[in-house]
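Given next are the chains, with one letter for each unit.
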Amino acid sequence: MKVNKSIGCTVNECKYHAKNESFCSLDHINVVKHTNRATNPEATDCGSFETE
Ligand code: SF4
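Presented here is an overview of the structure given in this document. Here the structure is a predicted model, which is why all the values come from computation and not from measurement. Residues take numbers from 1 onward in each chain, read along the sequence in its written order. Selection of residues for local features in this predicted model requires a pLDDT of at least 70, selection of side-chain atom pairs for listing and counting requires 80 or more, and totals for whole chains, interfaces and linings are taken over all residues. Working from all heavy atoms in the structure, the side-chain values ignore hydrogens and water.

### As for the overall build of the chain
Now for step 1: For the purposes of this entry, the term helix denotes a DSSP run of H or I that reaches at least four residues, the term strand denotes a run of E that reaches at least two, and both are numbered from the N terminus. Tallying secondary structure elements over the chain gives 0 helices and 4 strands in all.
Now for step 2: Counting helices and strands in the order they occur from the N terminus, the chain gives β-β-β-β.
Now for step 3: Taking the principal axes of its C-alpha atoms as reference, the chain extends roughly 35 × 20 × 15 Å.
Now for step 4: Buried positions account for 17% of the 52 residues belonging to the chain.
Now for step 5: Note on contacts: a residue pair qualifies if any of its non-hydrogen atoms lie within 4.5 Å across the two residues. Taking all contacts inside the chain whose residues are at least 6 apart in sequence as the whole, residues at least 24 apart take part in 22%.
Now for step 6: To measure how exposed things are, a 1.4 Å probe is used in the Shrake-Rupley method; for residues, cover is taken only from the protein chains shown. Just so you have it, the chain exposes about 4000 Å², and 48% of that area is on carbon and sulfur atoms.
Now for step 7: Only four residue types enter the tally: Lys and Arg on the positive side, Asp and Glu on the negative side, with His and both chain ends excluded. In this description, the location of a charge corresponds to atom NZ of lysine, CZ of arginine, CG of aspartate or CD of glutamate. For the chain, the centre of its 6 positive side-chain charges and the centre of its 7 negative side-chain charges are spaced 6 Å apart. Buried, partly exposed and exposed residues are distinguished by accessible area as a fraction of the type maximum, computed with a 1.4 Å probe on protein chains only: under 20%, between the cut-offs, and over 50%, respectively.

What follows is the structure, encoded as structure tokens:
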């Protein structure tokens, strides 16, 4: 599996996670927010996540 060392990620439940290393395997991801105006890290998330 490809490892994109520009996108660190600890969500190893995601089907795009590089598994052996804490990185994403996608070329790019979409980061999304859950509120109109994000004011803390918890308000943001990876919109490219998919379950395995
Ligand atoms: S798609 Fe998002 S959640 Fe999934 S491995 Fe990549 S960065 Fe992590």
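### Some words on the layout of surface pockets
In this approach the atoms are scanned with a rolling probe the size of a water molecule, which exposes any empty space left behind.
Now for step 1: Only protein atoms enter the calculation, which uses a 1 Å grid: trapped sets of points that fit a 1.4 Å probe without letting it out are cavities, open sets showing protein on both sides within 12 Å along at least five of seven lines are pockets, and any residue with an atom within 4 Å of a point is a lining residue. Grid points are joined across faces, edges and corners, and a volume is the space filled by probe spheres set on the points. Here the largest pocket defines a volume of roughly 210 Å³.
Now for step 2: Along its surface, the largest pocket is lined by 16 residues, and Cys9, Val11, Ile29, Cys46 and Phe49 are the ones closest to its centre.
Now for step 3: Among the elements of the structure, strand E1 (4-8) and strand E4 (44-46) are those that each provide at least two residues to the lining of the largest pocket.
Now for step 4: Counting residues per element, the lining of the largest pocket draws most heavily on E4, at 3 residues.

### What about the site of the ligand?
Now for step 1: Any residue with at least one heavy atom within 4 Å of a molecule or strand is counted as near it. Around the ligand, the structure places Ile7, Cys9, Val11, Cys14, Tyr16, His17, Cys24, Leu26, Ile29, Cys46, Ser48 and Phe49.
Now for step 2: To be counted as sitting in a cavity or pocket, a molecule needs more than half of its atoms within 2 Å of that site's grid points. Of all the cavities here, the one that holds the ligand is the largest pocket.
Now for step 3: Of the residues assigned to the shell around the ligand, the class counts are 10 nonpolar, 2 polar and no charged. Residues are grouped as follows: Ala, Val, Leu, Ile, Met, Phe, Trp, Tyr, Cys and Pro are nonpolar; Asp, Glu, Lys and Arg are charged; every other residue, Gly included, is polar.

### Some details on the pattern of salt bridges
Where charged atoms from two side chains of opposite charge approach closely, those side chains can pair.
Now for step 1: The salt bridge definition used is simple: a Lys or Arg side-chain nitrogen within 4 Å of an Asp or Glu carboxyl oxygen. All told, the structure shown has 4 salt bridges when counted by the stated rule.
Now for step 2: With a closest N to O distance of 3.4 Å, Glu21 and Lys5 form a salt bridge. Placement of the pair is Glu21 in the loop between E1 and strand E2 (23-24) and Lys5 in strand E1, with a sequence separation of 16 residues.
Now for step 3: Assessed through its relative accessible area of 31%, Glu21 is described here as partly exposed.
Now for step 4: A salt bridge links Glu52 to Lys19; the shortest N-O distance between them is 3.4 Å. Taken as a pair, Glu52 in the segment after E4 and Lys19 in the loop between E1 and E2 lie far apart in primary sequence, 33 residues in all.
Now for step 5: Here Glu52 falls in the exposed class, since its relative accessible area comes to 67%.

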